[in-house]
Amino acid sequence: MDLNGGDEKVIEAPTKLKMRGESIFAAQGDLKRDLAHDPPCHPRACAIQACLTMNSYQEDKCQSQINALYECCNAFYIERGEDAKTPSCPKPSLLRLRMKQRDQKHS
């Protein structure tokens, strides 16, 4: 069911990630699930750790995972307010700064 009450289902194709020559498929569209996880956004934080480990801690190779965490954390604070806390996300002010820096870097 979609958000407007219809029966339309949206299925997003997995994104293929390359890590040290291995293909890893990360499902997109799991924001709702990751927000509901205890603690919120934890699966995305773990994905960053796994990526960094597999890529000798080269952060530039894990940008899609970092962006996914920022997406989740931003949605978390929008949904629960800036006083909400989860160990998986930076504080709202730091998140905004990092997202702004990321946007400037990719402009």
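Residues numbered from 1 in each chain as written. Predicted model: local features only at pLDDT ≥ 70, side-chain atom pairs only at ≥ 80, totals over all residues. Heavy atoms only, no water.

Looking at the Subcellular location (unreviewed entry) heading of the UniProt record, one finds this comment for the chain: "Mitochondrion intermembrane space". As its UniProt record puts it under Sequence similarities (unreviewed entry), the chain is described as follows: "Belongs to the CMC4 family." (UniProt positions renumbered as here; feature names shortened; annotations may be inferred.)

We now examine the packing of helix α3 (residues 63-80) against helix α4 (residues 92-105). Viewed as axis vectors pointing N to C, α3 and α4 meet at an angle of 135°, and their least axial separation amounts to 11 Å. The orientation of α3 with respect to α4, classified from their angle, is oblique. Of the two possible hands of crossing, α3 and α4 adopt the one that is left-handed. Two secondary-structure elements touch here, α3 through N67, Y70, C73, N74 and Y77 and α4 through P92, L95, R98, M99 and R102. (Axes fitted to C-alpha atoms, helices over the stretch in contact; angles between N-to-C directions. Helix = DSSP H or I, 4+ residues; strand = E, 2+ residues; numbered from the N terminus. Parallel < 35°, antiparallel > 145°, perpendicular 65-115°, else oblique. Left-handed = near helix turned anticlockwise from the far one by under 90°. Contact = heavy atoms within 4.5 Å.)

All right, on to the packing of helix α2 (residues 42-54) against α3 then. Between α2 and α3, the least distance of the axes is 9 Å, while the angle of their chain directions is 165°. One finds that α2 runs roughly antiparallel with respect to α3. α3 is crossed by α2, and the crossing has left-handed handedness. Facing α2, whose interface residues are R44, A45, A47, I48 and C51, α3 presents Q65, I66, A68, L69, E71 and C72. Taken together, the residues that form the contact of α2 with α3 break down as eight nonpolar, one polar and two charged. (Nonpolar A, V, L, I, M, F, W, Y, C, P; charged D, E, K, R; others polar.)

Let us now look at the pattern of salt bridges. Any two side chains of opposite charge can pair, on the condition that their charged atoms come close. For the coordinates displayed, the defined rule picks out seven salt bridges. One salt bridge in this structure joins R44 and D34, with 2.6 Å as the shortest N-O distance. On the criterion of sequence distance, the pair formed by R44 in helix α2 and D34 in helix α1 (residues 31-36) is long-range, its members being ten residues apart. Residue R96 is joined to E82 by a salt bridge in which the shortest nitrogen-to-oxygen separation is 2.7 Å. In this pair, R96 sits in helix α4 while E82 sits in the loop between α3 and α4, placing the two residues 14 residues apart along the sequence. (Salt bridge = Lys/Arg side-chain N within 4 Å of Asp/Glu carboxyl O.)

For α3, built from 18 residues, the straight-helix expectation of 26 Å at 1.5 Å per residue is met to within 8% by its first-to-last C-alpha distance of 25 Å. Every buried residue belonging to α3 is among Q65, I66, L69, Y70, C72, C73, A75, F76 and Y77, and all of these are buried. Positive backbone phi, at 95°, marks G81, one or two positions downstream of α3. (Expected span 1.5 Å × (residues − 1). Buried < 20%, exposed > 50% of the residue type's maximum accessible area, 1.4 Å probe, protein only.)

So, on to the packing of aromatic side chains. Applying the stated criterion to the full structure yields one aromatic pair. Relative to Y77, the ring of F76 lies with its centre 5.1 Å away and its plane at 70°, an arrangement referred to as edge-to-face. Note on accessibility: F76 and Y77 belong to one class, buried. (Phe/Tyr/Trp six-rings, centres within 6.5 Å; stacked < 30°, edge-to-face > 60°.)

A few words on the nonpolar core. Core analysis: the biggest nonpolar cluster contains 19 residues, and L35, C41, L69, C73, F76 and L95 have the highest contact counts within it. The set of elements that each furnish at least two residues to this core consists of α2, α3 and α4. Sort the elements by how many residues they give to this core and α3 lands first, with eight residues. With sequence-adjacent residues up to four places away left out, F76 is seen in contact with L35, P40, C41, G81, A84, K85 and T86. (Core = buried A, V, L, I, M, F, W, Y, C linked by side-chain atoms within 4.5 Å.)

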